[in-house]
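Below, each chain spelled out in residue letters.
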Amino acid sequence: MRLARSWLAEFTPLELAADELSDLLSDLGLEVEEVTTVGDVPSEVVVARVLEVRPHPDADRIRLVDVDPGDGSPLQVCCGANNMAAGDLVALAPVGTVMPDGLEIASRRMRGQVSDGMLCSERELGLGDGHEGILVLDGPATPGSPLVDVLGVRPDVVVEVDVLPNRPDALSVLGVARDVAARLGTPFDVDGGPSVVLDGPLEGASVALDAPDLCGRFATCVLDDVRVGPSPAWLAARLEAAGMRPINVVVDVTNYVMLELGQPSHAFDLALVPDGHLGVRRARAGERLVTLDGVERTLDLADAVVVDRDDRVLALAGVMGGAETEISGTTTSVLLEVAWWDPPTVAATSARLGLHSEASLRFKRGVDTGIGRRAMDRVAELLVEHAGASVRPGVAEVTGDLPVPATIPLRPERVARTLGRAFPTDEVRSLLEPMGFGVVGDDELVVSVPTWRPDCTVEVDLVEEVGRMYGLSRLPRTLPRITQRGRLTEAQVRRRAIRRTLVGAGLSEAMPLPFLAPGDLERCELPVTGLLLANPLVAEESVLRPSLLPGLVAAVAYNATHRSTEVRLFEIGRVFEVGEGVLTDVGDSSRAGRVLAGERERLGVVLGGRHAGSAVRLLEAVLEAVGIVGPTLVNEPLPGLHPGRSARVRVRDDRTGSLVDVGSVGEIHPVVLERHGIAEAVAWLDLDLSVLLALEVAARRARSVSRYPSADVDLAFVVDDAVPAETVRATVRETGAPLVTSVRLFDVFRSDALGPGRRSLAYTVRFQAPDRTLTDPEVAEVRQRIIEAVESIDGATLRS
Amino acid sequence: MSEGHDEILEELVGLAADGLDELAAVDDLGDLGAAASRFLGKHSRLSQLKAGLRDVAAEHRATVGEALNLARTQIESAVEDRRAELGEVATRTRLDAERLDLTEELGRDRHGHLHVITQTWEQLEDVFVGMGFTVADGPEVETDWFNFEALNLPPSHPARSLWDTLYLDPDGLAGVGEEQLLLRTHTSPVQIRTMLDAVRTGGGPPIHVVCPGRVYRRDTADATHLPVFHQIEMLVVDRDVSMADLAGTIEAFTKAYFGGDLTSRLRPSYFPFTEPSAEVDISQPDGSWLEVGGCGMVHPNVLRACGLDPEEWSGFAFGFGIDRLAKIRHGVEDLRDFVTNDIRFLEQL
């Protein structure tokens, strides 16, 4: 809500500078989004008369204007606008004037022509931005007189307040002024209400209420002899400053009173309402109404409508009036409706139709149930003053289910406990009463909530008000006693260790959005799973990923298109899957389920320009970082990966001793790479951190290293491709135990001589004993056993 | 041998002088070996003279022997000196040849970088752990109850519109029952899970926990919005914790994370799940205030939803955006850079 300081000052004396006002409002919870100074017209700007307008000889868009600044010596000014003619009165900023934006006007040349000053637009003068071109004065004025005097404008401050949903009262000047006065201790609203007071029965108009649950109060009055014309300038200016467009004096006055008091009202042309009768009922499904904005709306059972004598729908209650009964230039009598509508009803209608008005905003938050009559009187008063209206005495009114403000016990002890500072009852009283709360009692207080604070329904609401009015920043600052010790869990420490290892290996961390487009999974040769969103913003973000692969491959592709190749990335994030028992642990009996099945945390790694082997070596590093040595790889084709270059990863769970699947390693399928326009191999690693971080991993035990000499023996075996190298290595290690301390594969080769489907695996086997120097015969004996053991593998032979 | 000892003595002087001259001229370690054996070896003149010593008259034998030893010692020490000199030269030559310009190596390797959001996340965790908190997490797919209802946001609550929520398509989600599934719009459901857990496991409060995590909004990605971002929330539940404790804890956090010269302030605000509620501003070196997040006393209805009696327990919470802090700290102009995964961006931070 945008409101002017001068308007606030009509309700409470206010002598605050712009920034002081802004700070004060913010400290009251009325967050100031923007502060603007308006009407600060430089005093040097004068009225000038246009003598002649001529084209610029060398510029089509510039005009040469001769003006009389009132001192009898005409000036030539260059001007980009063309909405002036000889004889017009315009605003001239003479040379030396400092404009509101800080620009100092100087004598200068534009394309060779002298310009001694500037003709100003409203925007340049800080008067608003309503009109195109320069300001041309309507009325008579003497050239040379200061513009500020002619216009009668005074500098004012407009603050834009972001009103919180629980503060409907602050959607009015009155409400904001009440808070300000309460904080400053200044008098508030001493004039009371308007001079016109309508009361008694009303002739020529009547009301009926068929839906008391939707409408708490429905009242009308009539104003005759209305001249529908433009509003006075000050009123139009206040509306504009508040961001509303002036329309005509009747509509403007209802809007003005809405801004001032927070009560929207609606003006009908009485001549178009048979018998002046208005009724309220629930809409029927499929009923139609053309609203003021010219759009035909289809109504619903949940909507409240205003109808005429013949049950025709005239207005959408609390949201927008109908076009048919709109005020026009021919209107002479106004039927004014002031109502209190049920907030959820207005909220639902407004949301369903996507129709949000200043009125619906206030009704859905909850209008002050006690302000209606004052608002009606105020509209009448202003229309009498500014539209020549005469008041027809009386009010037609009917009431429905109007909420009654709460009366709430308030324990000062509770205030102290919640806020952390003792508030004596007198202090509580002095904080609450200026806001309109009634406070009775000495020890246990009973607080009656004013009609404009429907948000206050329970004790803690009042505690908040005490704290707010006292000032949250003035509360003491203490530290709670924390008896526990802060620490990261084992899983959290391991997650960090994994990240550090990957970064140390030269990888950078990616964070793709977890949404996929339909078809992304197929493009990556992955099974089509994943959860679907019911209301995605765009189809490209409608699938919750079941795998990190598509996002990371897309990242490699994106980088490739920007000429970054060999990019190595990792991601740690959640993946989602439809599955048996998804979310079954979230029943009423056990809402505390920790993890929703179907959601897992995974690590994904892509290594651009690398083959599967790099990913395997990285896998070992990652596992070692979390205390796991020696993963088991099972070569097998896996979705999305090169079928001949992929393996399932298994590790030992030290609790059960069994092997558990933790992910996959290999190379992205070449078809997938091709579809993404990636021209290099991409190695892949994927680990299920939900499993890995939760694994029981025994602390590794240190073994003292032997101080005796070691002996190396090279052994090469020719083995069928079907036999994993790991089988050979394990055989060597197990057979040679305990004297074999390491088995390192140093060469792999294939040749015609070896035959198809076979390869040579050459190992350096190191022998060492913990307690002595090994003898040659000892080593030879073990070597022989190793050869025999390996050769017992189908098709394996020692290469001689 | 019939030479007189005088001749021998004279020859020895000449031998030594020749040896020294010749050795001084050798400039290669290999040649030095050859020269040494020529003067000192079995077939050298010196060896011959030594063998002929027994023919020298007995009265001169000691004199000649001494002269022999002297000549040998002189030549030997000249060989050693020359060997050392030549070794030094060889080392110097080798070192010269091995000279490298180490600046050639700068900027050649690509180094790994943690995502700046992770960096910020971990720094925040560390600060809170240092203050005595533990770290909790929870699922990103949530139920309506955890994300809204338990947080004092019943289905009809108007403030629900503050969160543009992404819902899951219920088709094919077996076993969910009546619960509406959604992507959590804040990390607050982790607070609910933490409190429920504490109650269910019998321990109950006190609770001192922070919950960092990924959250979702139905929002188009642009320079200042992402549909996926990250928050961290602090939750304290104990007997008699107050708004003053909250203000003090936030101030302690401010000093620990932002720096000892900066301070915090609270401004009244509104959140359905806390009351009183406040916005948290942190002072900036230039004197302005930076709005970082929201906080407040846990609403009694939230405590009740978790089985905690608000007359017995009270709590406070403080939450803010991790991405926003990272954005401000590192001068990131467009939030989309966080999710584009351009290596040129990732490697800067």
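Residues numbered from 1 in each chain as written. Chains lettered and ligands numbered in written order. Predicted model: local features only at pLDDT ≥ 70, side-chain atom pairs only at ≥ 80, totals over all residues. Heavy atoms only, no water.

**Q** Let's hear about the overall build of chain A: which residues, and what values?
**A** Looking only at helices and strands, chain A features 20 helices and 38 strands. Computed over the C-alpha atoms, the radius of gyration of chain A is 41 Å, more than 25% above the 28 Å expected from 2.2 N^0.38 for a compact globule of 800 residues. Projecting the C-alpha coordinates of chain A onto the three principal axes gives extents of approximately 125 × 80 × 55 Å. For chain A, the residues scored as buried account for 50% of the 800 residues in total. Long-range contacts, defined here as pairs at least 24 residues apart, represent 70% of the contacts in chain A between residues at least 6 apart. Counting only carbon and sulfur atoms, one obtains 50% of the accessible surface of chain A, whose full area is about 35500 Å². Taking the average place of the 82 positive charges on the side chains of chain A and the average place of its 118 negative ones, the gap between the two points comes to 10 Å. (Helix = DSSP H or I, 4+ residues; strand = E, 2+ residues; numbered from the N terminus. Rg over C-alpha atoms; globule rule 2.2 N^0.38 Å. Buried < 20%, exposed > 50% of the residue type's maximum accessible area, 1.4 Å probe, protein only. Contact = heavy atoms within 4.5 Å. Areas by Shrake-Rupley, 256 points an atom, 1.4 Å probe, with all protein chains shown as cover. Lys, Arg positive; Asp, Glu negative; His and termini not counted. Charge placed at Lys NZ, Arg CZ, Asp CG, Glu CD.)

**Q** Go over helix α2 (residues 29-40) of chain B, please, and point to the residues and values.
**A** Residues and elements named next belong to chain B. Compared with the 16 Å implied by 1.5 Å per residue over twelve residues, the 16 Å span of α2 between its first and last C-alpha is a close match. Residues L32, A35, A36, F39 and L40 constitute the buried set of α2. Summarising the axial view, the buried residues of α2 lie within an arc of 110°, below the 170-degree limit, and thus occupy one face. Contacts from the buried residues of α2 go to α1 (5-25), α3 (45-51) and α4 (58-97). Its side-chain oxygen at 2.7 Å from the backbone nitrogen of G30, D28 defines the N-terminal cap of α2. (Expected span 1.5 Å × (residues − 1). Arc of directions from axis to C-beta. Polar contact = N/O pair within 3.5 Å; in protein donor to acceptor, adjacent residues only side chain to side chain.)

**Q** Outline the side chain of A:T345, supporting the account with residue identities and numerical values.
**A** Residues and elements named next belong to chain A. Tracing the backbone shows T345 in helix α7 (residues 343-353). Within the structure, T345 has its side chain in polar contact with the side chain of D342 (distance 2.6 Å). Excluding residues within four positions of it along the chain, T345 makes contact with L214, A302 and A304.

**Q** Go over the side chain of A:E601 with me, naming the residues and quoting the values.
**A** Residues and elements named next belong to chain A. Tracing the backbone through its elements, the reader meets E601 in strand β30 (residues 599-608). Engagement of the side chain of E601 in a polar contact is seen with the side chain of R495, the distance being 2.9 Å. Setting aside residues no more than four positions away along its own chain, E601 makes contact with R495, I572, G573, R574, L687, D688, L689, S690 and L693.

**Q** So what about the nonpolar core? Which residues, and what values?
**A** Counting residues in hydrophobic clusters, the biggest one holds 203 residues, and the most contacted among them are A:W341, B:F318 and B:F338. Top element by residues in this core is helix α6 (residues 249-261) of chain A. It accounts for eight residues. Residues within four places of A:W341 in sequence aside, it is in contact with A:L214, A:C215, A:F218, A:V280, A:A304, A:V306, A:A317, A:G318, A:V346 and A:F363. Core analysis: the second largest hydrophobic core is formed by 31 residues, B:F146, B:V237, B:F271 and B:W313 among them. (Core = buried A, V, L, I, M, F, W, Y, C linked by side-chain atoms within 4.5 Å.)

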